[in-house]
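Residue-level structural notes
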Amino acid sequence: MENINNEDTALQEDEQELSEILQIRRDKLKKLQESNNDPFHNTKFTRTAFSSDVPDNFDAMENTNVKMAGRIMAKREMGKAMFLDIKDDKGRIQLYIKQNDIGELSFEEIKKGDIGDIIGISGRVFKTKMGEISIHCDSIKLLAKSLRPLPEKYHGLTNQELKYRQRYVDLIMNPETRKTFEIRSAFIKFVRDFLDRRGYIEVETPVLNLISGGTTARPFITHHNTLSLDMYLRIATELHLKRLIVGGIERVYEIGRIFRNEGMDTRHNPEFTMIELYEAYADYTDMMDLFEELISEAAEKICGTHSLKWRGEEVDLSRGWRRLTMTDAVREYTGIDFNTINTNEEAIKAAAGIGVKMPEGKTATWGDLLYECFEQRVEEKLIQPVFIMDYPVEVSPLAKKKQSDPRLTERFELFICSNEMGNAFSELNDPIDQKKRFERQAELRKAGDLEAGMMDEDYINALEYGMPPTGGLGIGIDRCVMMISGNNSIRDVILFPTMKPVE
């Protein structure tokens, strides 16, 4: 009890101290406003250089005048002179300020300034006696007043949950956070360039839909007031993109936000970014080649190497990834050979022998049990890049069946460090077969499976006009960025992840 009371007392003292700091900063702002010097009235400051320009080009810029702006990150007073460190979009640089150069009034105002304030300066590029490249200021202007203190400089913003809730502070204090999102931007740009060079066309498809379709996932539901209709936020872009294949756009892709009303953990966020791409006259083996080439080249270009460390593992992304059927993977890691199992009863018994049971409310067919054996006993063991191929038809309602075994489909997923990185099919283009699979999904949904798909009559109508053989691939952008940047949580690679509100 004593410890709890001590913690409560410390918390109250911290809150009281913060409250006093906030009031002091507001008092400073009020004095500035009363002296007709409101920093928030400034609308523009023209810069001639960024912090990185000066050290990168010091020989050419020495003794030249520059205008710069940024946030005060450090302050060291020395009588009638002081040093400030400011941070801008490109990094940090030191400022040297003398009272005689900027005037007593301006010098006193900057002395009263706070860490976090945003200033604009002009001055001469030089090097201090200690050899540090700096700006000798001749004028300073307060452009915005910081009314909240930044975290303590030596520890930065270290509270993980607070980093996600206040990403703006995280970006100010932690350069590694900014680096992650620079990597994210570079990866998305690379993907676009990679596909554009191969003749793919980027498109945009609806986020709001009349049905939930394109995969099996629980959707978010909203309401359109004018149409008086319940609508679904998209859980995939697949069905619209394949309509475009029917329409003759033979290589098409979309990078966009996807919404799935499901659980949250280190690998899942309710809204996330995917790329889906489709290529006419291709199949899932072509998609494997393309996927492997894309990720391998991206790692080399962005990281400068094929060897990455992720989730405590050394991952080799150089070309030549393993390709393994799901039945072979289950046999290799569990000893059960589903190729020798012919009935649902045999499959149930074999799965039970290794402790695998179907989730409540799910069917227990040969294909369902093969998938559950893989997911529950194999997936966690897949560290190096491996394509798992030939999924059961029960869990692949949009993939083409294998001619050699109609229980399976031409589908693969890529796994790295036990994470599914992407999903691909030889797309089902038989409208009659597709309608039967939609009907089965609708029956499962009616029976209470909220992740099951719905009937899409218009998509069937599109297929009846004829869709060429097509390969399709969906890639999780967030997980790829996690791997390339070495982050273990999806929240670290989404600027504003979904969070439970704070009361």
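Going by the structure above, here's the rest.
Residues numbered from 1 in each chain as written. Predicted model: local features only at pLDDT ≥ 70, side-chain atom pairs only at ≥ 80, totals over all residues. Heavy atoms only, no water.

Examining the overall build of the chain
- The number of helices and strands found in the chain is 16 helices and 20 strands.
- Judged by the C-alpha coordinates and their principal axes, the chain covers about 90 × 65 × 55 Å.
- With 503 residues in all, the chain has 47% of them scored as buried.
- Contacts spanning at least 24 positions in sequence make up 64% of the contacts within the chain whose residues lie at least 6 apart.
- Computed over 69 positive and 86 negative side-chain charges, the inter-centroid distance for the chain is 4 Å. (Helix = DSSP H or I, 4+ residues; strand = E, 2+ residues; numbered from the N terminus. Buried < 20%, exposed > 50% of the residue type's maximum accessible area, 1.4 Å probe, protein only. Contact = heavy atoms within 4.5 Å. Lys, Arg positive; Asp, Glu negative; His and termini not counted. Charge placed at Lys NZ, Arg CZ, Asp CG, Glu CD.)

Here's the deal with the layout of surface pockets
- A volume near 820 Å³ is recorded for the second largest pocket.
- Considering the residues around the second largest pocket, the lining is formed by 29 residues, among which Arg-71, Met-73, Lys-87, Ile-172 and Met-173 are closest to the centre. (1 Å grid on protein atoms, 1.4 Å probe; cavity = no way out; pocket = protein on both sides within 12 Å on 5 of 7 lines; lining within 4 Å. Points joined across faces, edges and corners; volume = space filled by probe spheres on them.)

Comments concerning empty space enclosed by the protein
- According to the stated counting rule, one finds one cavity of 30 Å³ or more in the structure shown.
- Approximately 60 Å³ is the volume attributed to the largest cavity.
- Along its surface, the largest cavity is lined by Ser-212, Gly-213, Gly-214, Thr-215, Thr-216, Pro-397, Leu-398, Phe-438, Gln-441, Gly-453 and Met-454.
- Here the residues of the lining of the largest cavity are counted per class, giving four nonpolar, seven polar and no charged. (Nonpolar A, V, L, I, M, F, W, Y, C, P; charged D, E, K, R; others polar.)

A look at the nonpolar core
- Ranked by size, the top nonpolar core spans 46 residues in total, and within it Phe-187 and Phe-412 carry the most contacts.
- The biggest single contributor to this core is helix H10 (residues 284-303), with nine residues.
- Leave out the neighbours within four places in its chain, and Phe-187 touches Leu-294, Ile-295, Ala-298, Ile-302, Ile-477, Cys-480, Val-481 and Ile-484.
- Of all hydrophobic cores here, the second largest spans 24 residues; its members include Phe-338, Ile-388, Tyr-391 and Leu-408. (Core = buried A, V, L, I, M, F, W, Y, C linked by side-chain atoms within 4.5 Å.)

Structural notes on helix H13 (residues 366-377)
- Given a rise of 1.5 Å per residue, twelve residues ought to cover 16 Å, and the 16 Å separating the end C-alpha atoms of H13 matches this to within 8%.
- Burial analysis of H13 places nine of its twelve residues in the buried class, the great majority of the element.
- Listing the buried residues of H13 in full gives Trp-366, Gly-367, Asp-368, Leu-369, Leu-370, Tyr-371, Glu-372, Cys-373 and Phe-374.
- In this fold, the buried residues of H13 make contact with helix H11 (326-334), helix H12 (344-353), strand S15 (386-389), strand S17 (405-409), strand S18 (411-416) and helix H14 (431-446). (Expected span 1.5 Å × (residues − 1).)

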